[in-house]
Amino acid sequence: MTESKKTVRNYTANPASLSPLAFKVPIEYAGMRLDQVLAKLLPEYSRSRLQDWVAQGLVKADGAAATIKQKIWGGESIEVTPQPHPAEQPHQAEDIALDIVFEDDSILVINKPAGLVVHPGSGNWEGTLLNALLHHAPQLGQIPRAGIVHRLDKDTSGLLVVAKTLTAQTALVRQLQARTVKREYLALAYGEVERAGTVDAAMGRHPTQRTKMAIVDDGKPATTHYSVAERFPNCTLLRCKLETGRTHQIRVHLASIRHPLVGDSIYIKGAQKCAPQLRAILAAFPRQALHAAQLGLEHPVTGEWLEWQAPLPDDMAQLLAQIRGASHEPA
């Protein structure tokens, strides 16, 4: 597909304005609450969104500010001033510092810090990597997802590649689909892992907890290879190599073999066995101890194989130093 024919989203266009709405309440709605009436008259909007507008003073009944539980008698004049949802608005460029490991006309490699969300979403509509990319390279506003072709969890640090052109984006996506992109992570897991191994287990959304991922029979293929980098009492530093890139893949796969990541509040079940001198140190680490340390790929234009490495961030480096120190103390 040529660049001229590929549909793209303009991330920097001005948002379309929403026109005020005015109507009279039908008599048959007499006795209902205002939020119930609004849900019937404006079914294209969710009830929670309508309630938010009422709470913000954007809904009036007979010229006066309305309340959510206000009783309706029929015949009232209702005025609603709709506001666009953040998901419907163009993403804005924000001056957020980026740790750029490599950049040319085609690609950009970022060392993402822990705590930075990659793409805007529920609860994180601003302050993301995408917003930072639009400020750093405004032309990315013409590229789908601002050139982002793969993601890291908010609290995972490390290397991530971004495409700066549609041609580069297509090439990188194909490499990811062909599983030729090299991605290696450093992960600190609970328990003493004896030897290298592989977890080959399909993943999908958790059947009852929709914010979590899980190993499920009808999920997408997911393969994680792991090996031991350093052993400690009751925890192990692992090198993890991905063949696939499913959401939360390393976290779910390691938890499935009873070696959840240190600091992973989502996938740790119950108390973990731990040497007394390490218990407080590990429990205090505020995020999953996972870092995307190596990235390798074929340059989308030159075809040259390129690799990058990112050292452990300060918090993980300090954690390992504390563990090494405590491991030599008497229990």
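Everything discussed here concerns the structure shown above.
These figures come from a predicted structure and were not determined experimentally.

The buried count for strand β13 (residues 235-242) comes to six of eight residues, which makes it a mostly enclosed element. Two strands pair when backbone bridges link them, and strand β8 (residues 182-190) and β13 are joined in this way by seven bridges, in the antiparallel orientation. Opposite L186, over in β13, you have R239 as the bridge partner. Of the pairings in the sheet, the one linking strand β12 (residues 223-232) to β13 comprises eight bridges and is antiparallel in character. Following the sheet pairing, V228 is matched in β13 by L238. Between β12 and β13, which pair antiparallel and follow one another directly, the connecting turn spans two residues, one of which, N234, has a positive phi of 70 degrees.

Membership of the largest hydrophobic core comes to 32 residues, with the highest contact counts inside it found for L129, L133, L140, Y185, C240, I250 and L254. Among the elements of the structure, β6 (107-112), α3 (129-136), β7 (157-163), β8, β13, α5 (249-256) and β14 (290-298) are those that each provide at least two residues to this core. For this core, the element with the highest residue contribution is α3, accounting for four residues. Formed by 20 residues, the second largest nonpolar core is a distinct cluster that contains Y190, A275, L282 and I323.

Secondary-structure assignment places V118 in the loop between β6 and α3. Since its relative accessible area comes to 3%, V118 is described here as buried. Along the chain, V118 and R239 lie 121 residues apart, while their C-alpha atoms are 23 Å from each other.

Axis separation between helix α6 (residues 276-284) and helix α7 (residues 314-327) bottoms out at 9 Å; the angle between their running directions is 170 degrees. As the angle between them shows, α6 and α7 are arranged roughly antiparallel. Taking contact as the criterion, the partners of Q277, L278, I281 and L282 in α6 are, on α7, L319, Q322, I323, A326 and S327. Along the lines of polarity and charge, the residues of the contact of α6 with α7 split into six nonpolar, three polar and no charged.

Before going further, it helps to spend a moment on the pattern of salt bridges. All told, the structure shown has 11 salt bridges when counted by the stated rule. Residue R195 pairs with E194 through a salt bridge whose shortest N-O separation is 3.5 Å. Of the two residues, R195 and E194, neither departs from the other in class, the shared state being exposed. Several salt bridges share partner residues, and in doing so they unite D153, R251 and D264 into one network.

For the rest of this paragraph, the subject is helix α1 (residues 34-41). For α1, every residue scored as buried is listed here: L34, D35, V37 and L38. Seen end-on, α1 carries its buried residues on one side only, within an arc spanning 160 degrees. Looking at the buried side of α1, the elements it contacts are β1 (21-24), α2 (47-55), β2 (59-61) and β4 (77-80).

What follows covers the pairing of β4. Here β4 shows a clear split, with I78 and V80 buried on one side and none of S77 and E79 buried on the other. Bridging between β1 and β4 involves four bridges; their strand directions are antiparallel. Paired with L21 across the bridge in β4 is V80. Pairing of β2 with β4, which is carried by three bridges, proceeds in the antiparallel orientation.

Time to look at helix α4 (residues 166-178). Helical geometry note: an α-helix holds 3.6 residues per turn, so side chains three or four residues apart project in the same direction. In this model, α4 (13 residues) spans 18 Å end to end at C-alpha, consistent with the 18 Å of a helix rising 1.5 Å per residue. Of all the positions in α4, only L166, A168, Q169, A171, L172, Q175 and L176 are classed as buried. On the buried face of α4, the contacting elements are β6, β7, β8 and β14. Looking at the residues trailing α4, positive phi occurs at R179, about 60 degrees.

Analysis parameters
- Residues numbered from 1 in each chain as written.
- Predicted model: local features only at pLDDT ≥ 70, side-chain atom pairs only at ≥ 80, totals over all residues.
- Heavy atoms only, no water.
- Buried < 20%, exposed > 50% of the residue type's maximum accessible area, 1.4 Å probe, protein only.
- Helix = DSSP H or I, 4+ residues; strand = E, 2+ residues; numbered from the N terminus.
- Pairing = 2+ DSSP bridges.
- Core = buried A, V, L, I, M, F, W, Y, C linked by side-chain atoms within 4.5 Å.
- Axes fitted to C-alpha atoms, helices over the stretch in contact; angles between N-to-C directions.
- Parallel < 35°, antiparallel > 145°, perpendicular 65-115°, else oblique.
- Contact = heavy atoms within 4.5 Å.
- Nonpolar A, V, L, I, M, F, W, Y, C, P; charged D, E, K, R; others polar.
- Salt bridge = Lys/Arg side-chain N within 4 Å of Asp/Glu carboxyl O.
- Arc of directions from axis to C-beta.
- Expected span 1.5 Å × (residues − 1).

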